[in-house]
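Examination of the molecular architecture
Letter by letter, the chains look like this.
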Amino acid sequence: MPGTHILLSDLSINTKSTRDNRAISDSAAFFADVVSHMWSNNPYGSAQAFLKFCTRLFQITQPSNSTILLALNYIYRYKETSPYCSEVSGTEYYIAVVSLMLANKYHEDKCYSNRSWAKVSGLDVSQVSRMELSILAAFNWSIKVDNLEFDSWSQFLGQYWSAVIEFRGQSIISEQNLDSGVQDCRRQGFISTSASITSIS
C-alpha cells in the first residue's frame, strides 16, 4: 500500500495526541521486549538502552497497534529466513526501525521516508535502506499479509508472549494491549473476526 512520504519536519512528539504517554511507553516496552527475545534470543527482556531507544522512537512516530503487530510479523519472518543476521551486535536497532518503517509504508496512507526514519532514530540511512532491501528480497518483494496469515500470526504471537511471561514469572505489559492491536486490525479488515488473543491459554 504505497503512501505519501512525510518529511522530517512533520515528525514531532505530539503532546496532544489521544494516545497518552503511558500507552506509548507500554507499547514501546512490549515491542522492545518481543524484539529482544525474538531477534536477539534474550529471554529476560530488552536492555535499558534499547528500551529507551524504542520509547523515543514510539513517542515521535506514534505507530498504531496494527502497525506494531505487522512490524513484529516482519521481524519474525525475516529471522526465519536469515537466522544469522541477528548475531551482529546492534542489528536489533536497525531491525526495529526498518520493520516499523515497512509496516508504516504498507499500513498507512501517509508514510515517513527512509531518510526521516533514519534521522529520528539516529541510524545511518544507507544501512536502513540496505536492511530494507534485504528484507524485501527475503520476502520476494512483497510485504502483504493477508487476513488468514495475520489471523494465524496474531494467535501465534499471543501464545509466544504468554510463554515468555510464564518463563519470567511476571508481565511487563497486559495482554489487553496486544488484544487492542488485534481489534484494531479487525476493524480495518486486516484479520478475520475469529482471531482472539486473550482467549488463548
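Right above here is the structure, for reference.
All of the points below concern the structure found in this document. (Residues numbered from 1 in each chain as written. Predicted model: local features only at pLDDT ≥ 70, side-chain atom pairs only at ≥ 80, totals over all residues. Heavy atoms only, no water.)

A word on the packing of helix H1 (residues 21–40) against helix H3 (residues 65–81). Two elements in contact, H1 and H3, have axes whose closest approach is 10 Å; the angle formed by their N-to-C orientations is 5°. It follows from the interaxial angle that H1 and H3 lie roughly parallel. Contacts from Ser27, Phe30, Phe31, Val34, Val35, Met38 and Trp39 in H1 reach Asn65, Ile68, Ala71, Leu72, Ile75, Tyr76, Tyr78 and Lys79 in H3. Residues belonging to the contact of H1 with H3 are distributed by class as follows: twelve nonpolar, two polar and one charged. (Axes fitted to C-alpha atoms, helices over the stretch in contact; angles between N-to-C directions. Helix = DSSP H or I, 4+ residues; strand = E, 2+ residues; numbered from the N terminus. Parallel < 35°, antiparallel > 145°, perpendicular 65-115°, else oblique. Contact = heavy atoms within 4.5 Å. Nonpolar A, V, L, I, M, F, W, Y, C, P; charged D, E, K, R; others polar.)

Looking now at the nonpolar core. Among the nonpolar cores identified, the biggest contains 53 residues, and Phe31, Leu72, Tyr74 and Leu157 are the most heavily contacted of them. Breaking this core down by element, the ones donating at least two residues are H1, helix H2 (48–61), H3, helix H4 (91–107), helix H5 (114–121), helix H6 (125–138) and helix H7 (147–168). Counting residues per element, this core draws most heavily on H4, at eleven residues. Those residues within four positions of Tyr74 in sequence are excluded, and the remaining contacts are Ser99, Leu102, Ala103, Tyr106, Phe139, Ile143 and Val145. (Core = buried A, V, L, I, M, F, W, Y, C linked by side-chain atoms within 4.5 Å. Buried < 20%, exposed > 50% of the residue type's maximum accessible area, 1.4 Å probe, protein only.)

Right, let's get into H5. The buried fraction of H5 is high, at six of eight residues. Burial in H5 covers these residues: Asn114, Ser116, Trp117, Ala118, Val120 and Ser121. Immediately beyond the C-terminal end of H5, within one or two residues, lies Gly122, with a positive phi of roughly 80°.

What follows deals with the pattern of salt bridges. Enumeration according to the criterion identifies three salt bridges in this entry. Between Glu149 and Arg77 there is a salt bridge; the shortest N-O distance is 3.9 Å. On the criterion of sequence distance, the pair formed by Glu149 in helix H7 and Arg77 in helix H3 is long-range, its members being 72 residues apart. Taking the relative accessible area as the measure of exposure, Arg77 reaches 19% and is therefore buried. Put simply, Glu132 and Lys105 hold a salt bridge, and the shortest N to O gap is 2.7 Å. Note that Glu132 is positioned in helix H6 and Lys105 in helix H4, a separation of 27 residues in sequence. Of the two residues, Glu132 and Lys105, neither departs from the other in class, the shared state being buried. (Salt bridge = Lys/Arg side-chain N within 4 Å of Asp/Glu carboxyl O.)

In this fold, His107 is placed in helix H4. Judged by relative accessible area, His107 falls into the buried class, the value being 6%. At 3.0 Å, the side chain of His107 and the side chain of Ser66 are in polar contact. (Polar contact = N/O pair within 3.5 Å; in protein donor to acceptor, adjacent residues only side chain to side chain.)

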